[in-house]
Amino acid sequence: MRAAVMRQGQLVVDEIADPEPGAGQVLVRTLACGICGSDLHTLDHADEMVEMASEATGAAPAGMPAPKVMDPSRDVVMGHEFCGEVVALGDNTGNCQVGDVVVSIPVTFDPTGLHAIGYSNDYPGGYGELMVLSDPLALKVPNGLDPRSAALTEPMAVGMHAVNGSRSAPGTAALVLGCGPVGLATIAALGLKGVEPIVAADFSPRRRELASSLGAHATVDPREEEPIDTWRRLDGRKPLVLYEAVGVPGLIDTALRAAPRQSQIVVVGVCMQPDVIRPMRGVVKELNVQFAFGYDPVEFADTLRLIAEGTIDVAPLITGHVDIDGVPEAFRALASPDEHAKILVEPV
């Protein structure tokens, strides 16, 4: 099959062996796959990601399987925000049938353990024509939902998980720093919770526009006004939760400086570099700092349902489409936040 392969720190388009489903697995043809900011980070910082993933694997609770860690010196086909059509079944399957359009949490099991689809040397992700999924984890796409929209189940579930694990609830306010895909997913989840006001901050006019379409009550360009001041003008009284959804050095400390006393900071942006904070800022204000990652299976399924029912409209987030040959250029294009939010890879 054709795939965009991460090879020695570069993306190259090449022919690789077709994956084959084993027991309890299904083979799917990729219909759409979002390009994630984590993939951009991985291309530039694969060694650091492997180091941190290895640490997390070692810290897994007893009895809980941890995904095998990829070897960046070997080929990796990334892509974990996907929707596909089942084209073949392995032995001992019963959840999926050939022809089903499905999404899945991007992991699969085999006798050697748990593998993270898109961050594995053995299980290619959605930047290729074919993928192998675990049959029990595959969710059928309901209501005739467009596979392009279904592919955004994964990134939108990240925002839902961040909000579910926070103090955000009716009667609280929220300030979202960064309106990339993760920040936008967080804004949508906050709206579903009944949080008001939601203030969204980003340098990009296009991303601020998307934030408004997903439920932000106010947006702000940090070059023109401090985001915390925008919240104070709108409300300034309700308990505040700040979401750091940028993932660059300095943003956590910025949130610590801005946060009101006894508020909460939820870090959902992925910063790959070492960062510096001033802990006393949090100590004297008795701040709660929480880190959020991923989602659970229920949140993933709930997100798919909300998208299929039209409760979450993800269509405005899709700002570009490429085939496999266009993946390397799409990675470069995503460096411009004014042009794109989410680019989908559509192999066929």
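Residues numbered from 1 in each chain as written. Predicted model: local features only at pLDDT ≥ 70, side-chain atom pairs only at ≥ 80, totals over all residues. Heavy atoms only, no water.

Novice: What is the right way to read the overall build of the protein chain from this model?
Specialist: What the protein chain contains, in helices and strands, is ten helices and 17 strands. Taking 20 Å as the expected radius of gyration for a compact globule of 348 residues, we find that the protein chain reaches 20 Å, a close match to that expectation. In the protein chain, which comprises 348 residues, the proportion classed as buried is 53%. Counting contacts in the protein chain only where the partners sit at least 6 residues apart, residues at least 24 apart contribute 72% of the total. Carbon together with sulfur atoms contributes 53% to the accessible area of the protein chain, which is approximately 14900 Å² in total. Looking at the protein chain, you have 25 positive and 46 negative side-chain charges, and the mean spots of the two groups are 9 Å apart. (Helix = DSSP H or I, 4+ residues; strand = E, 2+ residues; numbered from the N terminus. Rg over C-alpha atoms; globule rule 2.2 N^0.38 Å. Buried < 20%, exposed > 50% of the residue type's maximum accessible area, 1.4 Å probe, protein only. Contact = heavy atoms within 4.5 Å. Areas by Shrake-Rupley, 256 points an atom, 1.4 Å probe, with all protein chains shown as cover. Lys, Arg positive; Asp, Glu negative; His and termini not counted. Charge placed at Lys NZ, Arg CZ, Asp CG, Glu CD.)

Novice: Can you help me understand a nonpolar patch on the surface in this one?
Specialist: Where nonpolar side chains cluster on the molecular surface, the patch consists of M280, V283 and V284 and spans about 320 Å² of accessible area. Counting through the fold element by element, M280 comes out in helix α8 (residues 279–285). (Patch = residues over 30% accessible without salt bridge, like charges linked within 9 Å, V, L, I, M, F, W, Y side chains within 5 Å. Salt bridge = Lys/Arg side-chain N within 4 Å of Asp/Glu carboxyl O.)

Novice: Teacher, can you tell me more about the pattern of salt bridges here?
Specialist: Opposite charge on two side chains makes pairing possible when the charged atoms of those side chains draw close. Per the counting criterion, the structure on display carries 20 salt bridges. A salt bridge links E85 to R29, with the nearest nitrogen and oxygen atoms 2.3 Å apart. With E85 in strand β4 (residues 81–89) and R29 in strand β3 (residues 25–34), this pair connects stretches of sequence that are 56 residues apart. What makes R29 partly exposed here is its relative accessible area of 27%. Each of R7, D14 and D75 takes part in salt bridges that share partners, so that together they form one network.

Novice: Just to check I follow, could you spell out the sheet that holds strand β10 (residues 173–177) for this structure?
Specialist: Note: strands within a sheet are paired through backbone hydrogen bonds, in either parallel or antiparallel orientation. The parallel open sheet is built from six strands, whose spatial order is β12-β11-β10-β13-β14-β15. The open sheet is flanked by β12 (218–220) and β15 (288–291), the only strands paired with a single partner. With strand direction ignored, the average angle separating the axes of adjacent strands in the sheet is 20°. Where β10 and strand β13 (residues 240–244) come together, five bridges link them in parallel fashion. By the bridge assignment for β13, A173 is matched with L240. Set on the sheet, helix α6 (residues 227–234) makes contact with β10, β11 (198–201), β12 and β13; between it and β11 the angle comes to about 155°. (Pairing = 2+ DSSP bridges. Axes fitted to C-alpha atoms, helices over the stretch in contact; angles between N-to-C directions.)

Novice: I would appreciate a short explanation of the pairing of strand β7 (residues 113–116) in the present structure.
Specialist: Every other side chain in a regular strand lies on the same face of the sheet, so the side chains alternate between the two faces. Sheet analysis places strand β6 (residues 107–110) next to β7, joined by four bridges and oriented antiparallel. Bridged to T108 within β7 is H115. In this antiparallel pair of consecutive strands, β6 and β7, the connection spans two residues.

Novice: Explain the nonpolar core here, please?
Specialist: One recurring pattern in soluble globular proteins is that nonpolar side chains are buried together. Counting 51 residues, the largest nonpolar core has M156, L184, I187, L190 and Y243 as the members making the most contacts within it. Mapped by element, the contributors of at least two residues to this core are α3 (153–164), β10, α4 (181–193), β11, α5 (205–213), β13 and α9 (297–308). When sequence neighbours within four positions are dropped, the list of residues in contact with I187 reads V176, C179, I198, A200, A211, L214, G215 and A216. In terms of nonpolar packing, the next biggest core, distinct from the first, is built from 42 residues, M78, Y119, M131 and I343 among them. (Core = buried A, V, L, I, M, F, W, Y, C linked by side-chain atoms within 4.5 Å.)

Novice: Even after reading the chapter, I still don't get α9, so can you show me in this structure?
Specialist: Turn by turn, an α-helix covers 3.6 residues, leaving residues three or four places apart pointing in a common direction. Over its twelve residues, α9 runs 17 Å from end to end, which matches the ideal 16 Å to within 8%, given 1.5 Å per residue. Those residues of α9 lying buried are E299, F300, T303, L304, L306, I307 and A308. Here the buried face of α9 lies against β5 (101–104), β9 (138–140), α2 (147–150), α3 and α4. Its side-chain oxygen 3.0 Å from the backbone nitrogen of V298, D296 forms the N-cap of α9. Immediately downstream of α9, the backbone of G310 shows phi near 85°, a positive value. (Expected span 1.5 Å × (residues − 1). Polar contact = N/O pair within 3.5 Å; in protein donor to acceptor, adjacent residues only side chain to side chain.)

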